Amino acid sequence: MVDDSAGGPKSVGARHQQPLSNASLFGSFMENVDRTAARIPIAAFTGLSFGASIATFRGSPIPHTALTTSVSCAIAATACLGTERIFNAILPLSSPGSFLDGNDDFLSHSLAGIFGGGYLGWVHQGKPIAGAVLFVPLMLGVAFTERKVDQYRIERLRQILEEHDKNGKR
């Protein structure tokens, strides 16, 4: 939980759930593009590593397999994470003060897995249900990981500030 002095404790996921004003719409759009763009290289590097491992195991050409797997992972990340950002922006506008308070990130990731994964399954194999079934758990894992990283970052910043306060008072 994050302590928000104006309104009490909020969950870590709630900080991305602020309703958009017209003045900050473009800035928020660019923040979402930057957030998505920062995660795509992670997916591409994961695909590169996974592709190299598969190629080694199967005896396939390593550069070709690693690069094609990397590109596939980057495309899948773009579809799912871009869709998640769209749902993340829409959800607070459609249901302010909903029962999900602070858990909208799990809902936006689930919807992104359904729609982004469904789209990928439809394009790749003509089976949108299979794509959704594959990507919903992956996107929920991404949401869980992002929440844990945010909690760690907040706790680490709190520790650094406490150390700074102790050293500054000496």
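Notes on the structure follow. As the structure is a prediction and not an experimental result, all values here were calculated from the model.

1. A word on empty space enclosed by the protein
Consideration 1: Taken as a whole and judged by the stated rule, the model has two cavities of 30 Å³ or more.
Consideration 2: Within this model, the second largest cavity holds a volume of roughly 30 Å³.
Consideration 3: Surrounding the second largest cavity, Arg35, Thr36, Arg39, Leu81, Glu84, Arg85 and Glu146 form its lining.
Consideration 4: Breaking the lining of the second largest cavity down by element, the ones donating at least two residues are helix H1 (25-58) and helix H2 (62-94).
Consideration 5: In terms of residue class, the lining of the second largest cavity is built from one nonpolar, one polar and five charged.

2. Comments concerning the nonpolar core
Consideration 1: In terms of nonpolar packing, the biggest core is built from ten residues, these being Ala43, Ala76, Ala77, Ala79, Cys80, Leu81, Ala112, Leu120, Phe135 and Met139.
Consideration 2: Those elements that place two or more of their residues in this core are H2, helix H3 (104-125) and helix H4 (128-168).
Consideration 3: Setting aside chain neighbours within four positions, we find Leu120 in contact with Ile75, Ala76, Ala79, Cys80 and Phe135.

3. Here's the deal with the layout of surface pockets
Empty space among the atoms can be located by rolling a probe the size of a water molecule over them.
Consideration 1: Size it by volume and the largest pocket reaches roughly 1200 Å³.
Consideration 2: As for the largest pocket, its lining consists of 36 residues, and the residues nearest its centre are Cys73, Ala76, Ala77, Phe135 and Leu138.
Consideration 3: Looking at the lining of the largest pocket, the elements with two or more residues in it are H1, H2, H3 and H4.
Consideration 4: A total of 13 residues in the lining of the largest pocket trace back to one element, the largest contributor, which is H4.
Consideration 5: Residues that form the lining of the largest pocket fall into these classes: 18 nonpolar, eleven polar and seven charged.

Calculation rules
- Residues numbered from 1 in each chain as written.
- Predicted model: local features only at pLDDT ≥ 70, side-chain atom pairs only at ≥ 80, totals over all residues.
- Heavy atoms only, no water.
- 1 Å grid on protein atoms, 1.4 Å probe; cavity = no way out; pocket = protein on both sides within 12 Å on 5 of 7 lines; lining within 4 Å.
- Points joined across faces, edges and corners; volume = space filled by probe spheres on them.
- Helix = DSSP H or I, 4+ residues; strand = E, 2+ residues; numbered from the N terminus.
- Nonpolar A, V, L, I, M, F, W, Y, C, P; charged D, E, K, R; others polar.
- Core = buried A, V, L, I, M, F, W, Y, C linked by side-chain atoms within 4.5 Å.
- Buried < 20%, exposed > 50% of the residue type's maximum accessible area, 1.4 Å probe, protein only.
- Contact = heavy atoms within 4.5 Å.

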